[in-house]
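Here is how the chains run, residue by residue.
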Amino acid sequence: ALRGGYSAPPGVGGLSLVLSSSAPASDNTDTDLAAVVPKGLHVIEAMGVHTINPVSGDFSCGVSGIWIEQGSPANPVKEAVISGNLLELFQRIEQVGSTPRYYGAVAAPDILFGAVDISG
């Protein structure tokens, strides 16, 4: 439990969360993951992730990142939208990188997903 200050009641929270794969550790770096992508989007920032429907798992989030063509960065992407179902998205995980990226108190490796709906 955490509290926001001396006068605040305790609540559920975490100081450090590290996400990892249950699969055997891979030696893939983010560069290696991009190299196997014939055409796709390396998402760097996602907006509206908090709007995922907690019951159905449906989502539609704004993203920005770098478009990848034949394993190489092609051009920046801003204001694209990815949509789908979170549970189905997790079933499309193809590879997981070995190096976690830290976002405040949360760390996670790069994840390569299969087909995802992208519009822009």
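Whatever comes next refers back to the structure up there.
Quick look at the structure, then. Worth saying up front: this structure is predicted, and the values here are computed from it rather than measured. (Residues numbered from 1 in each chain as written. Predicted model: local features only at pLDDT ≥ 70, side-chain atom pairs only at ≥ 80, totals over all residues. Heavy atoms only, no water.)

1. What about a nonpolar patch on the surface?
What counts is decided by this rule: The patches described consist of residues with a relative accessible area above 30% and no salt bridge, like charges being joined within 9 Å and nonpolar side chains (Val, Leu, Ile, Met, Phe, Trp, Tyr) within 5 Å. Reported accessibility uses the Shrake-Rupley method at a 1.4 Å probe radius. Residues are deemed covered only where the shown protein chains occlude them. In the sections that follow, a salt bridge refers to a side-chain nitrogen of Lys or Arg positioned within 4 Å of a carboxyl oxygen of Asp or Glu. To qualify as a helix, a DSSP run of H or I must reach at least 4 residues; to qualify as a strand, a run of E must reach at least 2; elements of each kind are numbered from the N terminus.
A cluster of nonpolar side chains, contributed by L17, L19, Y103 and V106, occupies part of the molecular surface with about 370 Å² of accessible area. Relative to the assigned elements, L17 resides in strand β1 (residues 17-18).

2. A short note on the environment of R92
Where we set the bar: Note on contacts: a residue pair qualifies if any of its non-hydrogen atoms lie within 4.5 Å across the two residues.
Position of R92 among the secondary structure elements: in the loop between α2 (86-91) and β5 (93-103). Here the alpha-carbon distance between R92 and P73, two residues 19 residues apart in the chain, equals 22 Å. Among all residues touching R92, those that are not within four sequence positions of it are L112, F113, G114 and A115.

3. Quick notes on the pattern of salt bridges
Worth spelling out the cut-off: Only protein chains enter the calculation, and the probe is 1.4 Å; a residue is then buried if its accessible area is under 20% of its type maximum, exposed if over 50%, and partly exposed in between.
Scanning all chains against the criterion turns up 2 salt bridges. A salt bridge links R92 to E88; its shortest N-O distance comes to 3.9 Å. On the basis of relative accessible area, E88 is assigned to the partly exposed category, the value being 40%. Its salt-bridge partner being D110, residue R101 comes within 2.9 Å of it at the nearest N-O pair. The class for D110 is buried, based on a relative accessible area of 15%.

4. Some words on the side chain of S64
Tracing the sequence through the fold places S64 in strand β3 (residues 58-69). Taking the relative accessible area as the measure of exposure, S64 reaches 15% and is therefore buried. Once residues within four sequence positions are removed from consideration, S64 is found in contact with H42, V43, I44, E45, M47, V77 and K78.

5. As for the pairing of strand β6 (residues 106-113)
Under the convention used in this document: A pair of strands is labelled paired if DSSP reports no fewer than 2 bridges between them.
Note that β1 and β6 share 2 bridges and pair parallel. Looking at the pairing, V18 lines up with A107 of β6. Inspection of the sheet shows β5 paired to β6 by 7 bridges, in the antiparallel sense. Note on β6: the bridge partner recorded for Y103 is V106. Hairpin remark: β5 followed by β6, antiparallel, with 2 residues in the connecting loop; positive phi at G104, about 65°.

6. Here we look at the sheet that holds β6
Each strand in a sheet pairs with another by means of backbone hydrogen bonds, the pair being arranged parallel or else antiparallel. Taking strand neighbours across the sheet as the criterion, the 3 strands line up as β1-β6-β5 in an open arrangement whose pairing is mixed. Each of the sheet's edge strands pairs with one partner strand only, and the pair in question is β1 and β5.

7. Quick notes on unusual backbone geometry
In the Ramachandran plot, Q70 falls in the positive-phi region, its phi being about 50° despite a non-glycine side chain. For Q70, a relative accessible area of 65% translates into the label exposed.

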